[in-house]
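Results of the structural survey
One-letter residues, chain by chain:
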Amino acid sequence: MTKPGRRKPKGPEMEDTLCCCEYLDRKGERSHLAACLCDCEDLDECCERWLTCRSLPPGTLERIADTFVDRFRIPWLRGAVKIDISLLPPIILLPIFLHVAALHFFLALIILISLPVLVLWYYYLTHRKKGRTLFFLSLGLFSLGYMYYVFLQEVVPRGHVEHRQVILLTCGLILMLVALSRAKRDPGYLLCQTSNDKVLCQGNNNNNASNGNGLGSSSGLCRATVTSVAVSNNNEGYSRMLKEGPGGVAEDWCTKCQLVRPARAGHCRICGRCVKRLDHHCVWINSCVGEQNHQAFVLALSLFLLTAVYGISLTLDTICRGEATIKALFYCPGVYADYSSALSFTCVWYCAIVTSGMGYILFIQLLNISYNVTEREARIALRENTGRRLLWGMVVDTGQYSHGFLRNWVHFLTLHSPTLQRSTEDIES
């Protein structure tokens, strides 16, 4: 019995007393893993209506899914940990699909065509709902790990791959993961600087949960009161208010984050935050690509491309002896006679499909850098008919920031250095 004048511990105080199988649910109530199917009125109603052949009320399935996602946890120290369910499909389904595809050529053809279609369908589904998901990050990282595992288990034991080649491939994989971890950090989120403290500005988006990325940027913008504003609506879910600042430079006001943004900054409708020199929101890293991580993003793509091509060539040279690498990719006699060779060949084709997609993304990034344009600026220029397509429509030149191929690359390579950036801008002007 609780003594008078003593409150029942809630929040952090209660979390300290949780055992490894207990947790606080989305309502803030204490729950246990053993009660995962208990006390779910929506599930009981769904089963009852299904047995009596009655239709479900609107929103019932969504509430059941939300309850399931909240209760899907694993035991951990000081309370069960919630697991994002979008992490699991790639880990469970990818090995199954690849092993089934290794059974026969036609199964491989069907599965390797279906996988990209399913991934694209899921991408457009989440993109339309403007939601964040770890599915693509899980798919990318698990694909890398599983391809490396198959290479070590099925290809290296054949004896045709030298130790230095394995070491070189491993180093490329490690460097790519290091660059990827750097790209996952702060892309350049804008911070508010008030008279009392400095806080992270983020919009009122219900989908935007707090991110674990390190937001270590200290260069933010002061929250300001806008005078003499002109409002213009766009399709990104927020409105911009512009005013003429010192020197005739237009300041960009974000009504979601309530701050003045520098030139080329943008508001990500998925993250709900403003990012300096926003390029795009990348689902493969589950973060925005902006001023602070754009270089690391391009480096990670480049290292992935080089490492994947090298691993594909080593595998094909081993399982298709005597055939040229490109020819072996399309014609490798007798590869499905042995299950180990068939699995390696199937993984090669899966890796080749992923590498082609990432290679296209890297190619577009290199073109945009050469013209000093971001994907967001290109999209806005096409919508407002202020840019022109070049190179058969692969790049959009806005004509606003481009100062020639060499200077554009110098500008990109000096994004992290304010001193070099200012001197570059002085030279360009």
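1. Quick look at the pattern of salt bridges
Enumeration over the complete set of coordinates arrives at seven salt bridges. Residues Glu-162 and Arg-164 are paired through a salt bridge, measuring 2.7 Å at the closest nitrogen-oxygen approach. For Glu-162, a relative accessible area of 40% gives the class partly exposed. A salt bridge links Arg-264 to Glu-377, with the nearest nitrogen and oxygen atoms 2.7 Å apart. Of this pair, Arg-264 sits in the loop between strand 11 (259–261) and strand 12 (266–268) while Glu-377 sits in helix 11 (residues 375–383), and the two are 113 residues apart along the sequence. Look at Arg-264 and you get buried, because its relative accessible area is 10%. What makes Glu-377 buried here is its relative accessible area of 10%.

2. Let's talk about the nonpolar core
By size, the foremost hydrophobic cluster in this structure holds 34 residues, and its most contacted members are Met-176, Ile-285, Phe-297, Phe-304, Ile-312, Leu-316 and Phe-345. When residues of this core are traced back to their parent elements, those giving at least two are helix 7 (163–183), helix 8 (294–319), helix 9 (325–330) and helix 10 (339–370). Look past the residues within four positions of Leu-316 in its chain and what remains in contact with it is Thr-325, Ala-328, Leu-329, Phe-345 and Val-348. Residues Phe-136, Leu-139, Tyr-146 and Val-283 belong to the second largest nonpolar core, which totals 20 residues.

3. Focus on the packing of helix 6 (residues 135–155) against helix 8
The contact between helix 6 and helix 8 brings their axes to 11 Å, and the two run at 25°. It follows that helix 6 is roughly parallel to helix 8 by the angle criterion. The way helix 6 lies across helix 8 gives a crossing that is left-handed. Along the contact surface, helix 6 presents Leu-144, Phe-151 and Val-155, while helix 8 presents Phe-304, Gly-311, Leu-314, Thr-315 and Thr-318.

4. Digging into the packing of helix 7 against helix 8
In the contact formed by helix 7 and helix 8, the axes pass within 8 Å of each other and the chain directions differ by 155°. Taken together, the axis directions place helix 7 and helix 8 in an arrangement best described as roughly antiparallel. Judged by the twist between their axes, the crossing of helix 7 over helix 8 is left-handed. Within the contact between the two elements, helix 7 uses Gln-165, Leu-168, Leu-169, Gly-172, Leu-173, Leu-175, Met-176, Ala-179, Leu-180, Arg-182 and Ala-183 and helix 8 uses Ala-296, Phe-297, Leu-299, Ala-300, Leu-303, Phe-304, Thr-307, Tyr-310, Gly-311 and Leu-314. A per-class count over the contact of helix 7 with helix 8 returns 16 nonpolar, four polar and one charged.

5. A closer look at helix 12 (residues 405–413)
Restricting attention to buried positions, one finds in helix 12 the residues Asn-408, His-411 and Phe-412. All buried residues of helix 12 project into a common sector of 95° when viewed along the axis, lining one side. Seen from the buried face of helix 12, the exposed residues on the opposite side, beyond 90 degrees, are Leu-406 and Leu-413.

6. Points about the side chain of Thr-307
Position of Thr-307 relative to the elements: it lies in helix 8. On the basis of relative accessible area, Thr-307 is assigned to the buried category, the value being 14%. A distance of 2.7 Å separates the side chain of Thr-307 from the backbone oxygen of Leu-303, its partner in a polar contact. When sequence neighbours within four positions are dropped, the list of residues in contact with Thr-307 reads Leu-169, Gly-172 and Leu-173.

7. Side note on a nonpolar patch on the surface
Side chains of Ile-91, Ile-92, Leu-93, Ile-96, Val-100, Leu-103, Leu-107 and Tyr-339 sit close together on the surface and give an oily, nonpolar patch of about 660 Å² of accessible area. Examining the composition of the nonpolar patch, we find that five residues originate from one element, helix 4 (residues 88–101), more than from any other. Tracing the backbone shows Leu-107 in helix 5 (residues 105–129).

8. Examining the confidence of the model for the protein chain
Taken over all residues, the pLDDT of the protein chain has a mean of 80, while the share at 70 or more is 79%. The low-confidence segment residues 202–250, where pLDDT is below 50, has 114 contacts with residues more than four positions distant or belonging to other chains. Ignoring residues within four places in sequence, the model shows residues 423–429, a span with pLDDT below 50, making seven contacts including any to other chains.

9. Quick notes on the packing of aromatic side chains
What the rule picks out here adds up to 14 aromatic pairs. When the ring of Phe-135 is compared with that of Phe-136, the centres are 5.2 Å apart and the planes differ by 90°; the resulting orientation is edge-to-face. Phe-135 sits in the buried class, given a relative accessible area of 13%. Here Tyr-336 and Phe-345 contribute two aromatic rings whose centre-to-centre distance is 6.4 Å and whose plane-to-plane angle is 80°, an arrangement assigned as edge-to-face.

10. Focus: unusual backbone geometry
We note that Gln-258 has phi near 60°; this positive angle belongs to a residue other than glycine. By secondary structure assignment, the location of Gln-258 is in the loop between strand 10 (250–254) and strand 11. By relative accessible area, Gln-258 is classed as partly exposed at 29%. Positive phi, normally seen in glycine, also occurs at Trp-392, with a value near 60°. Within the secondary structure layout, Trp-392 lies in the loop between strand 16 (388–390) and strand 17 (395–397).

11. Quick notes on the state of the cysteines
Within this structure, the stated rule accounts for one disulfide. Two residues, Cys-320 and Cys-332, share a disulfide whose sulfurs are 1.8 Å apart. Its S-S torsion of approximately -110° makes the covalent link between Cys-320 and Cys-332 left-handed. Separated by 12 residues along the polypeptide, Cys-320 in the loop between helix 8 and helix 9 and Cys-332 in the loop between helix 9 and helix 10 bring together distant segments of the chain. This pair shows no difference in class: Cys-320 is buried, exactly as Cys-332 is. Not engaged in a disulfide, the cysteine Cys-257 finds its nearest cysteine sulfur in Cys-274; these two sulfurs lie 3.6 Å apart.

Rules behind the numbers
Residues numbered from 1 in each chain as written. Predicted model: local features only at pLDDT ≥ 70, side-chain atom pairs only at ≥ 80, totals over all residues. Heavy atoms only, no water. Salt bridge = Lys/Arg side-chain N within 4 Å of Asp/Glu carboxyl O. Buried < 20%, exposed > 50% of the residue type's maximum accessible area, 1.4 Å probe, protein only. Helix = DSSP H or I, 4+ residues; strand = E, 2+ residues; numbered from the N terminus. Core = buried A, V, L, I, M, F, W, Y, C linked by side-chain atoms within 4.5 Å. Contact = heavy atoms within 4.5 Å. Axes fitted to C-alpha atoms, helices over the stretch in contact; angles between N-to-C directions. Parallel < 35°, antiparallel > 145°, perpendicular 65-115°, else oblique. Left-handed = near helix turned anticlockwise from the far one by under 90°. Nonpolar A, V, L, I, M, F, W, Y, C, P; charged D, E, K, R; others polar. Arc of directions from axis to C-beta. Polar contact = N/O pair within 3.5 Å; in protein donor to acceptor, adjacent residues only side chain to side chain. Patch = residues over 30% accessible without salt bridge, like charges linked within 9 Å, V, L, I, M, F, W, Y side chains within 5 Å. Areas by Shrake-Rupley, 256 points an atom, 1.4 Å probe, with all protein chains shown as cover. pLDDT = per-residue confidence, 0-100. Phe/Tyr/Trp six-rings, centres within 6.5 Å; stacked < 30°, edge-to-face > 60°. Disulfide = S-S within 2.5 Å.

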